[in-house]
Amino acid sequence: MASSKILLITGVSSGFGRALAQEALAAGHKVVGTVRSAQAKREFEALSETAAFGRVLDITDFDVIDEVVSDIEASVGPVDVLVNNAGYGHEGIMEESPLSEMRRQFDVNVFGAVAMMKAVLPFMRKRRRGHILNITSMGGHITMPGIAYYCGSKFALEGISESLGKEVKPFGIAVTAVAPGSFRTDWAGRSMTRTPRSISDYDAIFDPIRKAREEKSGKQLGDPVKAARAMLAVIASDHPPAHLLLGSDALQLVRNHLSAMEDEFRAWESLTVSTDG
């Protein structure tokens, strides 16, 4: 077995968080998992009497995060790996979606993740080792109508991850942005917040996308257990990537997007370079 590590994973009650926690425990690691209720804490800790430690934490409760992480360091041990998994999807046409929905999306998906990183970094930096995994999305590389706030939050987390990775590399700390494609989690089901429709002009572009997503929910190509094993492989790597896509759909869609961008750059190249000098 590879050396045992202590993983701190946010949002371990379902989806990728639960799958990763279970696979990590099976591989002999200790897992501290954040949950939203005392009941969820009991259920998580039941996975292992000796290696599963639950913490009730809302990652938007920014004022208590430092205290929670300090307590974990003191009572469980040094956090080797932080996995920012807690997050949700917001679906809604931008013109229809109130700013309050955007603020909530960014509070959870971006500010919560950053607050967790800021809490573990002093400990990792002191030890000159550590690994942070931020679960982003292929929606942090590509976009589609109807999830502007979600894509915005994941593009932000991708950029923050890459920039932070350059800042902390000298201290032996790695940062990996993990961007899954479509997986059989409840992202498109229970976990998604949907803004009610109000402007019929958008029906033609958005209704087919919503219908397809609802029909595909639960039947996605990606297996969360295999995603968890892929993440454990990255954690075990001596030279982990700054960006990791998960799923053949993510690979195809992101490659197509990069290719289309290159085509557009080429088409407008003369205008682009005309501004020099």
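Structure: above.
## Description of the environment of Ser14
Along the chain, the position of Ser14 falls in the loop between β1 (6-10) and α1 (15-26). The class for Ser14 is partly exposed, based on a relative accessible area of 25%. Ser14 sits 72 residues away from Ala86 along the chain, and the two C-alpha atoms are 9.7 Å apart.

## A few points about the nonpolar core
Ile9 and Met231 are the most contacted members of the largest nonpolar core, which has 29 residues in total. Sequence-distant contacts of Ile9, defined by excluding residues within four places in its chain, comprise Gly17, Leu20, Ala21, Val31, Val32, Gly33, Thr34, Val83 and Asn85. In this structure, Ile65, Val68, Ile132 and Leu157 belong to the second largest nonpolar core, which totals 28 residues.

## Considerations on unusual backbone geometry
Here the phi dihedral of Arg128 falls at roughly 60°; this positive angle occurs in a residue that is not glycine. Relative to the assigned elements, Arg128 resides in the loop between α4 (99-127) and β6 (130-135).

## Digging into the layout of surface pockets
Approximately 560 Å³ is the volume found for the second largest pocket. If you go around the second largest pocket, you meet 24 residues; those closest to its centre are Gly172, Ile173, Ala174, Asp238 and Pro240. Listed by contribution, the elements that provide at least two residues to the lining of the second largest pocket are β6, α5 (148-168), β7 (173-180) and α7 (224-236). Class assignment for the residues of the lining of the second largest pocket results in nine nonpolar, eight polar and seven charged.

## With respect to the side chain of His29
Along the chain, His29 turns up in the loop between α1 and β2 (30-35). By relative accessible area, which is 8% here, His29 ends up buried. A distance of 3.0 Å separates a polar side-chain atom of His29 from the backbone nitrogen of Lys5.

## So, helix α6 (residues 203-216)
Its 14 residues give α6 an end-to-end C-alpha distance of 19 Å, which sits within 8% of 20 Å, the value for a rise of 1.5 Å per residue. All of the buried residues in α6 are Phe206, Arg210 and Arg213. Around the axis of α6, the buried residues are gathered within 65° of arc, so they sit on the same side. Seen from the buried face of α6, the exposed residues on the opposite side, beyond 90 degrees, are Ala204 and Lys211. Structurally, α6 contributes buried residues whose contacts are with β5 (89-91) and β8 (192-194). Of the residues trailing α6, Gly218 is marked for its positive phi of about 90°.

## Here we look at the pairing of β7
Extensive coverage of β7 is indicated by the burial of seven of its eight residues. In terms of strand pairing, β6 meets β7 through six bridges, oriented parallel. Along β7, the bridge assignment pairs Gly130 with Ile173. Viewed along the sheet, the connection from β6 through α5 into β7 turns out right-handed. Relative to strand β9 (residues 243-246), β7 runs parallel, the two being bridged by four bridges. Looking at the pairing, Pro180 lines up with Leu246 of β9.

Here is what the cut-offs are and how they apply
- Residues numbered from 1 in each chain as written.
- Predicted model: local features only at pLDDT ≥ 70, side-chain atom pairs only at ≥ 80, totals over all residues.
- Heavy atoms only, no water.
- Helix = DSSP H or I, 4+ residues; strand = E, 2+ residues; numbered from the N terminus.
- Buried < 20%, exposed > 50% of the residue type's maximum accessible area, 1.4 Å probe, protein only.
- Core = buried A, V, L, I, M, F, W, Y, C linked by side-chain atoms within 4.5 Å.
- Contact = heavy atoms within 4.5 Å.
- 1 Å grid on protein atoms, 1.4 Å probe; cavity = no way out; pocket = protein on both sides within 12 Å on 5 of 7 lines; lining within 4 Å.
- Points joined across faces, edges and corners; volume = space filled by probe spheres on them.
- Nonpolar A, V, L, I, M, F, W, Y, C, P; charged D, E, K, R; others polar.
- Polar contact = N/O pair within 3.5 Å; in protein donor to acceptor, adjacent residues only side chain to side chain.
- Expected span 1.5 Å × (residues − 1).
- Arc of directions from axis to C-beta.
- Pairing = 2+ DSSP bridges.
- Right-handed = clockwise from strand over helix to strand, strands pointing away.

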